[in-house]
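Structural description and commentary
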Amino acid sequence: MQIKIILSVMVLFSLVFLAPSDVFANDGNDILEIASLEHDVRQGQYNSLVQVDSDTYALAYEGKDKDGFISTFTISSDGSSIVEVENLEHDTDVGQYNSLVQVDSDTYALAYAGTNDDGFISTFTIDSEGVITPIQIQNHANTDTVDDVANVEHDMVHGQYNSLVQINSNTIALAYAGTNDDGFISTFTISSSGVITPIQIQNHANTSEEDDVANVEHDRHRGIHNSLVQVDSDTYALAYEGLDRDGFISTFTISSSGVITPIQIQNHANTSEEDDVANVEHDEDRASYNSLVHVVSDTYALAYTSHGEDGFISTFTIDSNGNIAAVKTQSEGNNLEHDETKGIHNSLVQVDSDTIALAYTGFDANGFISTFTISSDGSSIVEVENLEHDTDVGQYNSLVQVDSDTYAL
């Protein structure tokens, strides 16, 4: 299988042209660099890239002065053309730890850390041409909408390491680090017109609902470097860095109305279930820069950083009831250390039923793409190929699929 990578690259203070790289073939699988666009000459950190339609993509990132931006691009199916369509500065103060998701056909929600590292949710519409229309955002100074509405400040203390997932066409769930870097899960409804209604959040001071319910503090020690994924219609799994920087996997059910029920979590002090089961501690040393993806059936793969900032791949099974079992993990002593120098800023995507691709920051902060095959039961992890696509800097990665064998970074 041939993997084509389109690189959307921003390198601070320098203009870089990336020519097609040499291909290091391994087992017949090729990674080919196709095209590169420097979309911001000042800064481009905390990236979150999503597909809008077959050739349109939206990117949330931190730009100049740490401000928050949304840009849209068209990318051809063969990756040969990358064209920026529009750019919106949605927050003129801070826009870090971005997580952008599609809510319905043209509505998008963004979780990020804004002023004073507080947690915010904003909404936009993005049409098939890449035109961005703000709905609820922090900075309405550059819009002429009469009925502008501010975004929702869901946590007035802290809102970092965001990982946002769509529950259904009008509900989203957010894993993030709140007060004291503790781990929290919050939920919101987003209407088709982009109106945000908190369901379970930390800060209900800005709402008037009488039946407000607090969010779930799933870990009272630490909950950073979050990666939240859907397991089935109402079950969700979270990989994160917890107590002593160790690696944990937790599970929850989240109903279509946004009600959160812990299954296997670290902190069951806020639950009354008699059969509470602790989450899985898969690495007792460190687990930063987590990126968790579904492989096939009930098998999941996790890319993360452990001791010495080395790069690792682990596998787990997670069933529809939220039961977690370690397969190839550091705690079992059998996971894959794919980079013995560095493996941070991970972004992992599924290529097919037994192949995954990983964008990460490796040696000298350079940018790398690796591919791996994973057996259906997670018992085998084999690295196939590795491409050093940027010999200067390759950080804050966000990798998405364009078509059957083309990916954008």
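Quick look at the structure, then.

Reading guide: rules and limits
- Residues numbered from 1 in each chain as written.
- Predicted model: local features only at pLDDT ≥ 70, side-chain atom pairs only at ≥ 80, totals over all residues.
- Heavy atoms only, no water.
- Helix = DSSP H or I, 4+ residues; strand = E, 2+ residues; numbered from the N terminus.
- Buried < 20%, exposed > 50% of the residue type's maximum accessible area, 1.4 Å probe, protein only.
- Contact = heavy atoms within 4.5 Å.
- Areas by Shrake-Rupley, 256 points an atom, 1.4 Å probe, with all protein chains shown as cover.
- Pairing = 2+ DSSP bridges.
- Salt bridge = Lys/Arg side-chain N within 4 Å of Asp/Glu carboxyl O.
- Lys, Arg positive; Asp, Glu negative; His and termini not counted.
- Polar contact = N/O pair within 3.5 Å; in protein donor to acceptor, adjacent residues only side chain to side chain.
- Axes fitted to C-alpha atoms, helices over the stretch in contact; angles between N-to-C directions.

What to know about the overall build of the protein chain
A count of helical and extended segments in the protein chain gives zero helices and 33 strands. The burial tally for the protein chain puts 57% of its 409 residues in the buried class. A fraction of 52% describes how many contacts in the protein chain between residues 6 or more apart in sequence connect residues 24 or more apart. Total accessible area computed for the protein chain in this model is approximately 15,500 Å², and 44% of it derives from carbon and sulfur atoms.

Some points on the pairing of strand E13 (residues 171-177)
Counting buried residues along E13, seven of its seven residues qualify, which places the element largely inside the surrounding structure. Side chains Thr171, Ala173, Ala175 and Ala177 of E13 all project onto a buried face; the interleaved residues Ile172, Leu174 and Tyr176 project onto the opposite face, where all are buried too. Relative to E13, strand E12 (residues 160-168) is paired through six bridges, and the arrangement is antiparallel. Paired with Gln166 across the strands is Ile172, a residue of E13. Counting the residues between successive antiparallel strands, the hairpin from E12 to E13 contains two residues. Of the pairings in the sheet, the one linking E13 to strand E14 (residues 183-190) comprises seven bridges and is antiparallel in character. Along E14, the bridge assignment pairs Ile172 with Phe188. Linkage of E13 to E14, two consecutive antiparallel strands, is achieved through a turn of five residues, within which Asn180 is found at a positive phi near 60 degrees.

A closer look at the pattern of salt bridges
Applying the stated criterion to the full structure yields five salt bridges. With its nearest N and O atoms 3.6 Å apart, the salt bridge here joins Arg42 to Asp40. A relative accessible area of 4% means that Asp40 is categorised as buried. Where Glu241 meets Arg245, a salt bridge forms, and the shortest distance between an N and an O atom there is 3.4 Å.

A closer look at the side chain of Asp283
Relative to the helices and strands, Asp283 resides in strand E22 (residues 280-283). An unpaired buried charge is present at Asp283: no salt bridge exists, and Arg286, the closest side chain of opposite charge, is 8.8 Å distant. Polar contacts involving the side chain of Asp283 include one to the side chain of Ser306, which spans 3.0 Å. Excluding anything up to four places from it in sequence, Asp283 contacts Asp246, Gly247, Tyr304, Ser306 and Gln330.

Some details on the sheet that holds strand E6 (residues 82-91)
Spatial ordering of the open sheet is given by E3-E4-E5-E6, a layout of four strands whose pairing is antiparallel. The sheet is open, and its two edges are formed by strand E3 (45-53) and E6, each paired on a single side. Each strand of the sheet is rotated relative to its neighbour by a mean of 20 degrees, with strand direction disregarded. Here six bridges tie E3 to strand E4 (residues 56-62), and the two strands are oriented antiparallel to one another. The residue bridging Ser48 from the neighbouring strand is Ala60, located in E4.

Focus on the sheet that holds strand E30 (residues 367-374)
Spatially, E28-E29-E30-E31 is the arrangement adopted by the four strands of the open sheet, whose pairing is antiparallel. Of all the strands in the sheet, the pair left with one neighbour each is strand E28 (344-352) and strand E31 (381-390). Across this sheet, the average inter-strand angle for adjacent strands is 20 degrees, counted without regard to direction.

Brief notes about unusual backbone geometry
We note that Lys66 has phi near 70 degrees; this positive angle belongs to a residue other than glycine. Structurally, the position occupied by Lys66 is in the loop between E4 and strand E5 (68-75). Unlike most non-glycine residues, His225 shows phi in positive territory, near 50 degrees. Among the secondary structure elements, His225 is positioned in strand E18 (residues 224-230). On the basis of relative accessible area, His225 is assigned to the buried category, the value being 11%.

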